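Chain by chain, the residues:
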Amino acid sequence: MRLLTHNMLTSHVKGVNNGYPLKIEATEVNVESEVDFKPEFICCMIPRIDWDVLKKALAWIGKADLLPEEIVDNYEEDEEFLRKVHHTIMEIEIVTGSLICPESERSFPINKGIPNMLLNEDEV
Amino acid sequence: MMEGLSKKQMKKWKSILLKLLADGLQAGTEPSKTLAVGNGGIHNGVCPTKLLEVLNAYGEIEKFSVIPKKSYVIITYTSVESAESIFKNVQGTDIEKSDGGPNATLYFYYLNTEINPDSQQKAIHLKPQGLHIYEDFITEKEERLLINTIEQDLMKQSKQCAQSVLKHRQVLHYGYKFQYGTNDVDLNDPMAKEDIPEHVSGVIEKVMETELWEGKPDQCTVNKYEPGHGIPFHVDNPDAFTTSISSLSLGSSIVFEMRHPIGNVFTLLLKPRSLLTLTGEARYTWTHGIKPKKTDIVHDSAANSEAIIHRGVRWSLTLRKVKDKTSKTESGPPMVDTQDAVEIERRHVHGVYNKIASHFASTREKPWPKVVEFLHSLSPHSLVLDIGCGSGRYLCTEDTNHFIFGCDRSSSLIDICQEKHPFVFVSDGLNVPMKNDYFDACICIAVIHHYFTAERRLSAIKEIVRLLRKGGKALIQVWAAEQVYKNKHSAYLNKQSVNTNPLVENLQTLKVDCTGDQEQKVCSLPIHKNRNHFAQQDMFVPWKLKNSPTQAPTNTHYRFYHVFKEGELEQLCRSIDNCTLEKSYYDNGNWAAIITKDL
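It should be emphasised that the depicted structure is a prediction, and the values quoted were computed from it without experimental measurement.

Here is what the cut-offs are and how they apply
- Residues numbered from 1 in each chain as written.
- Chains lettered and ligands numbered in written order.
- Predicted model: local features only at pLDDT ≥ 70, side-chain atom pairs only at ≥ 80, totals over all residues.
- Heavy atoms only, no water.
- Helix = DSSP H or I, 4+ residues; strand = E, 2+ residues; numbered from the N terminus.
- Buried < 20%, exposed > 50% of the residue type's maximum accessible area, 1.4 Å probe, protein only.
- Contact = heavy atoms within 4.5 Å.
- Areas by Shrake-Rupley, 256 points an atom, 1.4 Å probe, with all protein chains shown as cover.
- Pairing = 2+ DSSP bridges.
- Axes fitted to C-alpha atoms, helices over the stretch in contact; angles between N-to-C directions.
- Buried area = accessible area lost by both parts, 1.4 Å probe.
- Salt bridge = Lys/Arg side-chain N within 4 Å of Asp/Glu carboxyl O.
- Polar contact = N/O pair within 3.5 Å; in protein donor to acceptor, adjacent residues only side chain to side chain.

(A) Broad picture of the overall build of chain A. Secondary structure summary: chain A contains 4 helices and 4 strands in total. If you list the helices and strands of chain A from N to C, you get α-β-α-α-α-β-β-β. In chain A, which comprises 124 residues, the share counted as buried stands at 50%. Put simply, of all contacts in chain A between residues at least 6 apart along the chain, 66% involve residues at least 24 apart. If you sum the accessible surface of chain A, you get close to 6200 Å²; carbon and sulfur atoms cover 43% of it.

(B) Geometry of the sheet that holds strand β9 (residues 170–175) of chain B. All names here are of chain B. Strand order in the open sheet formed by 6 strands is β8-β17-β14-β21-β12-β9, with antiparallel pairing between adjacent strands. Two strands lie at the open edges of the sheet, namely β8 (131–134) and β9, each paired on one side alone. Taking the axes of each pair of neighbouring strands and ignoring which way they run, one obtains an average angle of 15° across the sheet. As paired elements, strand β14 (residues 245–250) and strand β17 (residues 275–278) share 4 bridges and run antiparallel to each other. Each bridged residue has a counterpart across the sheet, and for S247 the counterpart in β17 is L276.

(C) Main features of the interface of chain A and chain B. Taken together, the 26 residues of chain A in the interface contact 24 residues of chain B. Looking at the side of chain A facing chain B, the largest losses of area belong to M8, R48 and I114 of chain A, adding up to 27% of the total buried there. Connecting chain A to chain B are 2 salt bridges. Notably, a salt bridge pairs D440 of chain B with R48 of chain A, separated by 2.6 Å at the nearest N-O pair. Summed over the shared surface of chain A and chain B, the number is 9 residue pairs in polar contact (both at pLDDT 80 or more).

Have a look at this one:
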């Protein structure tokens, strides 16, 4: 699971009012993947992602230092910054672990990089 | 039989045949004295005298009819041999046109002119299964009484309210109130049920005697039609009403038409005092309607010509029985609760896809061009969600600059997607773990037809609307019940099946145990014959699993499908408050709709 996906996912267990963000418990993380860097795309994504949640996600996997605290000004012209964002949202992969609903503590497994968000019938 | 015709000419011959059949002529290749000459009509620019010169050369002519506004003529020889001779020798040859335009090519068809004793009706093999007609169902005296009572009630009603519900018709309802907005009856409305008056219950008693009803009609709609009024083609709501619909016609004759999804048309002259009852295929598969005309043309097979009849005022008394939504129905899918639907989908959708994933993926590599077109139409850097992405066909479309996430119910299929595009997750389409109002666009291709109930299919579309940001748009595509549309066959049909429609009775059925709360329920649906027309909307479609392309199939799995009829997808979309249907179309055996979320 890439962190961009994590940034969008929310818990949808019945009765939960605030299921976002899902806490990450990772047992295996891969930072070696390579995805083509598209600066224009990253610029478009920055306003659409939740920066604080991205920071939290990095902290949960022990990689808090990969990004600065705040989004830099004029990031459109800051290639180094854009590359850092690109790496964190597009390339870091949670291979094995779980996503935990902040309210119900229901755990969603991540295996082979894929989060399984299926709910049981009584949770729908 | 028709050597000497090129491929192109055979195609043309067939398309004219369909038009002749649609006009109610029993046209074909079975030798007969009577022939239709396609492209030989005045309407096509052919001079009858010139044509007769050609036709005379092959034998003695008994009768020659020029049909108004048609591009064919009908000719009867005194002997079958003469007809056979011209059929063989002049088939596909040209004749000059009187307007000096390019020559017309003549095509010949034998016509079966035997009159059915029920008169004005067409051959048994073309008649819809489940259609029953009783002429002289009531006496003339009974008819006059009914018309008078109806007219009095209409008068009373018009004094009570300012305007009638429908522009073109004057309507009365007895029993439960029929609501045209939803084509349904509101069982919860305590004012909804009125007593059925005596003159109608008299008719109901008589209708019960025909033994074509299960249970008793409890809803009656009376319509008054002035000449020129018609009824748009439709199937009576299968969810609101039960298996039989009866209609008593009063006052005037009218031509009543039925259309089958594969293209057959059946017309009949409905005389006053006749009762028409629709059951089975006639009730659920064929649509019925009346063309908005002031006159009707009827074929008089004996005289081999046409007669024009002028419509008078007509009243129809239509009887229906409102469905008890908690009980099982005979036709269509069994009524099941959510738990059962989930279980059937688990076994016959997700379970199957998990088993057939790699074989399935290998057959689903080619993207549908119109889906790609939709993706290309999005603004740069749009965020898109592919709900039910399967093996990821649309996750890596070239030359687009949108960003797409994929989700699917099948973990085996998502495993396959992952390799090409890692922004995927496993999720149910009815409950996607993403926030409201987020995505610029969604696509949902070949997914919704897997949900077992109409309710779940609607929920799936509502979920899509929830996920879209305001102004965002979605493309939904489903398998069509109609594998032939506007005379074109889909790529799904194989050549042999193009002109045959498998009958529901001849198909094997699959029984599925649905474990409900109280009792063991069994649901039984037909097994579809692959590459053929769909015999009904709800069925199991077999998948013969192969471990490799060269091996023989090892196992057959059955996937549940509900294929959509024309207008069905649009109706679902339109029933959602905060979305607008932008466009809908037919694409090679599928119905598609593009919706936007309102601002």
